[in-house]
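In case you want the letters, here they are:
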Amino acid sequence: MTHRLRTRLLHAGRPDPNVVNPPVYHASTILFPDYAAFRERESAPLDRRHMYYGRMGTPTTRSLEDALCELDGAVGAVLSSSGVASIAGILRAFLAPGDRLLMVDSAYGPTRNFCTKTLAERGVETVFYDPLTTMEELASLINDRTRMIFLESPGSATFEVQDVPAITALARDRGILTAIDNTWATPLYFNPLAQGVDLAMQSGTKYLNGHADCLFGVVTTRDPALYQRLQHDALAHGMHLAPDDAMLALRGLRTLPLRLPAHEAAALEVANWLSEQPLVTRVLHPAFETCPGHTHWRRDFSGSSGLFSAIIKVGSEPALAQFIDSLTLFGLGFSWGGFESLALPMWPTRICSTVNVAADEALVRFHIGLEDTADLIADLSQAFQILESHTP
């Protein structure tokens, strides 16, 4: 019998059917039963080959990998200590000096920094493309040195939703790899591997864990050759995930199908309320028709998460500071995806073709946690009252 995803997530990654939660293995040394097993370690099946030294995996990390593969139908999952480490792993494993990378212009800030600094120093050219580019425009950026197109949909600040199926089809016709940052939706609401993306990355720190108490990243693929190359690069660079973090991640993953709809419903309620406020110029939420690329979201996604942005008329930066500091339930901090609500002023690192922020406005990214939405709206309401008293 084939079970639905919500059921499979509860039962995946449980090697012992009599133990609900796999134990945490704190082990650097993995013993071989005999000389023959020691000699045959390199000929073992690919998905088990790395479990002969603690850095290369333990039953704890293997359980998490199995569960993550179940989530998006992958043949293999490569874990790392953070989302940034997973992004760097993709770019490092598949790009060499002289190659060209097409990177979406709305990418996560650290991704952009890795391209403009680390990749540039290694002789890899990065060309940034508009997230809502036409396929003709994107094709014009491809040359014989182009090896990869990297997507992030939606963008983590301005929330443009890309035409992922069209981009993957274009890349596939030209023999170019595609990779995506799918942290916002998780495979629960959008499965990029099913849309033809070669390499799907997530910052598991966010919704996969969901409790704001561990950091990890993951890359999955349906191609055994790509998995082997990713795994080789991770081992060569000493990347690994600590067993305690793997346990926390696995615990959080079990409740993802319950948590993400709660974040979605609360975020939509708060976002709709914000859209009615006089000082809010625009709400950037993929489920809103006014969000760039909304038609792509409606076609390809089965839901939305708790992260979105609002452009707010603040008048000045001191007034913005007072608005942020007057919030009592919204924390000011990086990251998102946990149970807590956050409000983070952001300054886009590019000239946005579809999202304009005037000099007297600010872009504030909200993550809506699991608090009661009536309390969150009341908190925002009093902050807007303070802002209105300081806005001409």
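Up top is the structure these notes are about.
Residues numbered from 1 in each chain as written. Predicted model: local features only at pLDDT ≥ 70, side-chain atom pairs only at ≥ 80, totals over all residues. Heavy atoms only, no water.

Enquirer: Residues and numbers for the nonpolar core, please.
Expert: Ranked by internal contacts, the top residues of the largest apolar core, which has 87 residues, are Leu64, Leu91, Met148 and Phe216. Counting residues per element, this core draws most heavily on helix H4 (residues 83-94), which supplies seven residues. Beyond its immediate sequence surroundings of up to four residues, Met148 is in contact with Ile90, Leu91, Phe94, Leu95, Arg100, Leu101, Leu102, Ile176, Leu177, Ala179 and Leu199. Grouped together as the second largest cluster of nonpolar side chains are 31 residues, Val280, Leu327, Ala343 and Phe366 included. (Core = buried A, V, L, I, M, F, W, Y, C linked by side-chain atoms within 4.5 Å. Buried < 20%, exposed > 50% of the residue type's maximum accessible area, 1.4 Å probe, protein only. Helix = DSSP H or I, 4+ residues; strand = E, 2+ residues; numbered from the N terminus. Contact = heavy atoms within 4.5 Å.)

Enquirer: So what about the pairing of strand S7 (residues 217-221)? Which residues, and what values?
Expert: The buried fraction of S7 amounts to five of the five residues, a majority that puts the element mostly inside the structure. Sheet topology places strand S1 (residues 76-80) next to S7; five bridges connect them, and they run antiparallel. Its bridge partner lying in S7, Ala77 is registered against Thr220. (Pairing = 2+ DSSP bridges.)

Enquirer: So what's going on with empty space enclosed by the protein? Which residues, and what values?
Expert: Scanning the model with the defined rule gives two cavities of 30 Å³ or more in all. Lining the largest cavity are 15 residues, and of these Glu152, Ser156, Asp181, Thr183 and Trp336 lie nearest its centre. Only H4 and strand S6 (199-203) provide two or more residues apiece to the lining of the largest cavity. Residues of the lining of the largest cavity, tallied by class, amount to seven nonpolar, five polar and three charged. Quantified by volume, the second largest cavity comes out at close to 60 Å³. Taken together, Val78, Ser80, Ser86, Gly89, Ile90, Val219, Leu230, Asp233, Ala234 and Met239 form the lining of the second largest cavity. A per-class count over the lining of the second largest cavity returns six nonpolar, three polar and one charged. (1 Å grid on protein atoms, 1.4 Å probe; cavity = no way out; pocket = protein on both sides within 12 Å on 5 of 7 lines; lining within 4 Å. Points joined across faces, edges and corners; volume = space filled by probe spheres on them. Nonpolar A, V, L, I, M, F, W, Y, C, P; charged D, E, K, R; others polar.)

Enquirer: Break down the sheet that holds strand S3 (residues 125-129) for me, with residues and values.
Expert: The seven strands are arranged S1-S7-S6-S5-S4-S2-S3 in an open sheet whose pairing can be described as mixed. Pairing within the sheet leaves two strands with one partner each, and these edge strands are S1 and S3. Averaged over neighbouring strand pairs, the angle between their axes works out to 20 degrees when direction is ignored. Pairing of strand S5 (residues 177-181) with S6 involves three bridges; the strand directions are parallel. Each residue of the ladder has a partner; that of Ala179, found in S6, is Leu199. (Axes fitted to C-alpha atoms, helices over the stretch in contact; angles between N-to-C directions.)

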